[in-house]
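Now for the letters of each chain:
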Amino acid sequence: MSAARTDAPLDARAFGLLCLSVAAVLALHAPHLPWWLSAALAPLLFWRWRQRRRRPERVPAWLKLPLLGALALAIVAYYGSLFGREAGAALAVGLLVLKMLESERPRDARVGVGFACFALMAALLFGQGMAATFAVALGLLPALATLRALEPAQPVPAAGPRLLLPGLALLGAALPLALLAFLFVPRLGSPLWGAPNTHEQRTGLDDTMSPGGFTQLLLDDSPAMRVSFAGPPPPPGRRYFRAYVMSDYDGTTWRYRDVAAAPAPLEAVDTVRYRIDLEPSHQRVLPMLDVPLHAPPGAQLLRDRVAMAGKPVNDPFGYDAVSATRYRLEPQPIRHRRRWLQLPDGYDPRTLALGRAWRQGHGTDDAAIVQAALALFHDGGFRYTLAPAPLGRDAMDDFLFHTREGFCEHYASAFTVLMRAAGIPARVVTGYQGGYWNALGGYLLVRHSDAHAWSEVWLAGRGWVRVDPTAAVRPQRVDLGAAAAAGDQLPWTQRSWLQSLRNRWDIVNRWWNEGVIGFDTLRQRGLLTPFGIRQADPALLGALLAASCVLSGAVGLFWALRRRDGADPARDALRELERRLARRGLTRRRGEGPRNYLRRAARALPAQRAELERLTDCYLELRYACREPSPELLRRFRRAVRDFRAARVVK
Amino acid sequence: MRDALRRAQEYAERRLPALTRYRRPEPLPVALHRRRIYIVPTRFGLGFTVLLLVMLAGALNYSNNAALLLTCLLGAAGAASMLVAFRTLDGLRLEDIRAGHAVAGEALPLGFRFTSRRTRCAVRLDLGDASAAFLLEAARGEVMVAMPLPTEARGWQALSRVRVWTTWPLGLFRAWSWLHPAQSVLVWPRPEAGGPPPGGHADDERRQRLHRGEDPAALRDYRRGDPLRHVAWKASARHHDLLVKDFEEPEARRDWQLDWRQLGRMEHERRIARLARWLGEAQAQDRRCSLWLPDERIEAGSGPAHYARCMDALAKLP
């Protein structure tokens, strides 16, 4: 209130905590800020903290203004604009650090804390995993501690991390209401304004494939999807998740081409019912186990039984599906046969010659040609490695006849080219293979590093048949997974015991993804199904939100209004008696002892004289007769007080 | 703006005492309870609410559930801080107010004694334009808060309303309660700036003059009230402080008999001011004095208690 005090400069402790809050914001944003910006802002923040600690004086304007200009220029130069998600976050963090240069008063500190909270939330736009969320929640603690430090007249502050404990307690107390609000805040069916543009270059399955292109992907062990099955999971060797079916080859790269026709006919023998929770892939394709029977809701099944969602999957997305694991796909003679035999002109002459030679050697026995190719990979001195030698213009010739080393992409590509050269319709399929079966959670964890490429060939009478040439070279790849196949070529984080620990821990991430991130409009609507309400509409949710606020408020008020006077029960009982007498106008005067007061009351209330005298005696005995009053007497006194009803005063 | 608000508040309190809970003076001790504690968000609290709404809209729009969860958490923490603010004041007792002494026009030191069984942080007390913050620790159970009270005229002065308030813990909400203790403080009259010494003692002066010319017995430090002509300028020039020639103590000084009736020709308040000055001089010189007032006679005496008694009597004059 008084102008003098609110304008008092910030003390060193509050300013230190404020700097800590800003440092937390900077640390949480650092992963997606350009490195030079973090490297410039962090020392600036540290310098300002040291400077104000030594000599509390203002930073001159000639220093602040150029810094502000430099920040804006650098961001425009790097991102091309001041708006958008990345540029906006960088600008916000930069401005927050610069704000510290002119924070001198409690008011500045409050503005800074509010801004820091906003920037912390903005960090979640870049990833809402469990670790990130908890990190942001921890980042709130210094901000709350700063606000506390702005208040005057506090107990001697604890030092170090214990300074943050009261904020933690406050957040803990707020958690029940926060969870209720989280459940009941009605979600928006469609966004009010455009979603943030994501130009993020994330490694993931692509709709093109060239030998060697997966290298980055195979080292990325972040989860790609989680699969749970209605029945027992298929054995490891049959866990093929198809994403793209690629037909076009230009000598270096296989391409997927959309064919929007009715799905190819399928005769399913065995089917599996399962659910996939897909991590954001920023692609439209939805990987499916083997060959799906139907498209998942909201997606379309294309000719080659590739499932495509309506829009890129930018948020975690779950879908249920049924797939055939034993099947005959397109067993009738295929149309567009030329499409599956297409090869670029003027590439890989030796490979084409080998394919034709096999055709001549085996006549019309397509299966024998396939076996010949697999035998070549198995016995031809081929080696499985994640770091193969680079290939020249005639890539397949180089691979088959010179380097003889590579991973799934190389084998699938070479095999398909060989088959086409031999006149067998063939295509490359990319997707995921394998995964870690989490027995505790009952789901299959598929990582990006489980990305795989294989082939499908069309054999008369059997339709499209999956052939995995990599398995011929390295059976472990299919049976034990990518990590086992790679041996010690992987970074240490993906090895053995650590990897298995991470696989087990993944169940927590899954819970988080299902329970928190995946809690969308649909799940919210179905929230009350166990209580017999099929569709919880926004009005009902709003009412529930209000009810939970009232409930939490009531619990909070009960806590706030409870008086803990229990140290001395006899005194509390006397207080209660005083309250009852005060209602009849008999207030205990200052300096009036209990005996005098109760005597006066007895005189004023002749009808209850005997009762009051008994109470007086009882109290005096309780107080002064012995050192430790007997519990029995205490109980009697309290009961007598409770039963006492003061009648009207007789004047 | 602020003045207009204050005028509106005063008007509302005058016209709608039931609504604004205008507190009539009440005897001490006063315990704060839920019926007299009010809470509103501070300006920062309002700004923070707007910020939370923006974050809520953003989280919902981008269907970012993690951000939504943390926004809810922050909002709930803010709401919980309101209860903490209430609890900081609830049950706090103002036991008594101790008043110091002051002459009219000077600030009178007041001591507010608060007690509580719980620790209470960052409670502030406003009286007029003055404000103080205090911490009440459960281990001590009580705290004495000093607060200056501006005074204008001598006599009994009723305490105005004081406000106890807090924005603990986050500064988002202000909880406050008005206290209007039924207590008055006695303000002493202001002594006149200068004037003649008490009448009938002019011989004192003459006796001192007799001493002039005699060699000073010693030099001593300057004390307030020493006549300038006794300063030993030459000796002082060689020292940090002023030195005064200390003459032989005149023979035992006589008591001053300060008498209301001697100042018959003077105006009422000026008489009081003169008596106050004489009392002050007597106190400074450690001289015994007696005081005769129309309705009170105070026997000769000296010392702070005697001085306070005489000044109280002067202050209470009609």
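Residues numbered from 1 in each chain as written. Chains lettered and ligands numbered in written order. Predicted model: local features only at pLDDT ≥ 70, side-chain atom pairs only at ≥ 80, totals over all residues. Heavy atoms only, no water.

Draft legend 1. Representation of helix H22 (residues 609-625) of chain A within the structure. All names here are of chain A. Between its first and last C-alpha, H22 extends 22 Å over 17 residues, near the 24 Å set by a 1.5 Å rise per residue. Within H22, the full set of buried residues consists of Leu 612, Leu 615, Thr 616, Cys 618, Tyr 619, Leu 620 and Leu 622. Of the surrounding secondary structure, the elements contacted by the buried residues of H22 are helix H20 (569-582), helix H21 (594-604) and helix H23 (631-643). (Helix = DSSP H or I, 4+ residues; strand = E, 2+ residues; numbered from the N terminus. Expected span 1.5 Å × (residues − 1). Buried < 20%, exposed > 50% of the residue type's maximum accessible area, 1.4 Å probe, protein only. Contact = heavy atoms within 4.5 Å.)

Draft legend 2. A look at a nonpolar patch on the surface. All names here are of chain B. Nonpolar side chains collect at one region of the surface, where Tyr 222, Leu 228, Trp 233 and Leu 242 lie side by side and expose about 410 Å² of accessible area between them. Structurally, Trp 233 is set in helix H6 (residues 233-237). The exposed category is assigned to Trp 233, whose relative accessible area is 52%. (Patch = residues over 30% accessible without salt bridge, like charges linked within 9 Å, V, L, I, M, F, W, Y side chains within 5 Å. Areas by Shrake-Rupley, 256 points an atom, 1.4 Å probe, with all protein chains shown as cover. Salt bridge = Lys/Arg side-chain N within 4 Å of Asp/Glu carboxyl O.)

Draft legend 3. Geometry of the side chain of Arg 339 of chain A. All names here are of chain A. Its place among the elements puts Arg 339 in the loop between strand S11 (317-329) and helix H10 (349-362). Of the side chains bearing the opposite charge, Asp 304 lies closest to the buried Arg 339, which forms no salt bridge; the N-O distance is 4.1 Å. At 3.3 Å, the side chain of Arg 339 and the side chain of Ser 247 are in polar contact. In this view, Arg 339 contacts Ser 247, Arg 257, Val 259, Arg 303, Asp 304 and Arg 420; residues no more than four positions away in its chain are not counted. (Lys, Arg positive; Asp, Glu negative; His and termini not counted. Polar contact = N/O pair within 3.5 Å; in protein donor to acceptor, adjacent residues only side chain to side chain.)

Draft legend 4. Spatial organisation of the interface of chain B and chain A. Listed by partner, the interface residues are 58 residues for chain B and 60 residues for chain A. Counting across the chain B and chain A interface gives one salt bridge. Here Arg 124 of chain B and Glu 151 of chain A are joined by a salt bridge, their closest N and O atoms 3.5 Å apart. Put simply, the parts of the chain that give the side of chain B that touches chain A at least two residues each are helix H3 (43-61), helix H4 (65-89), strand S3 (93-99), strand S5 (120-127), strand S6 (130-136) and strand S9 (162-166) of chain B. Ranked by residues supplied to the side of chain B that touches chain A, first place goes to H4 of chain B with 18 residues. Residues of the side of chain B that touches chain A, tallied by class, amount to 34 nonpolar, twelve polar and twelve charged. (Nonpolar A, V, L, I, M, F, W, Y, C, P; charged D, E, K, R; others polar.)

Draft legend 5. Seen up close, the nonpolar core. Formed by 88 residues in total, the largest nonpolar core has its most connected members in Val 25, Cys 117 and Leu 171 of chain A together with Phe 48, Leu 70 and Leu 74 of chain B. Considering each element in turn, this core owes the most residues, eleven residues, to H4 of chain B. Grouped together as the second largest cluster of nonpolar side chains are 79 residues, Ile 276, Leu 286, Ile 369 and Met 419 of chain A included. (Core = buried A, V, L, I, M, F, W, Y, C linked by side-chain atoms within 4.5 Å.)

Draft legend 6. Focus on the domain arrangement of chain A. Its domain assignment divides chain A into domain 1 (3-157), domain 2 (208-500) and domain 3 (569-643). Domain 2 of chain A and domain 3 of chain A are separated by 90 Å when their C-alpha centres are compared. (Domains from an automatic or database assignment.)

Draft legend 7. Main features of the packing of aromatic side chains. Residues and elements named next belong to chain A. One pass over the full model with this rule turns up 22 aromatic pairs over all chains. Plain terms: the ring middles of Phe 399 and Tyr 411 are 5.2 Å apart, the flat faces sit at 80° to each other, and that makes the pair edge-to-face. Here Tyr 411 lies in helix H13 (residues 408-421) and Phe 399 lies in helix H12 (residues 395-403), a separation of twelve residues in the sequence. Like Phe 399, the residue Tyr 411 is buried in the burial classification. The aromatic ring of Phe 182 is capped on one face by Arg 187, whose charged end is 4.8 Å from the ring centroid. Seen from the ring of Phe 382, Arg 404 lies directly overhead, with NZ or CZ sitting 6.0 Å from the centre. (Phe/Tyr/Trp six-rings, centres within 6.5 Å; stacked < 30°, edge-to-face > 60°. Lys NZ or Arg CZ within 6 Å of the ring centre and 35° of its normal.)

Draft legend 8. Spotlight on the pattern of salt bridges. Residues and elements named next belong to chain A. If you walk through the whole model with that rule in mind, you get 40 salt bridges over all chains. Note that Arg 600 is salt-bridged to Glu 592, the shortest N-O span being 2.9 Å. Neither residue differs from the other here; Arg 600 and Glu 592 are each classed as buried.

Draft legend 9. Seen up close, the environment of Asp 345 of chain A. Looking at the element boundaries, Asp 345 of chain A is found in the loop between S11 and H10. Note: C-alpha distance between Asp 345 of chain A and Asp 250 of chain A (95 residues apart in sequence) is 8.6 Å.

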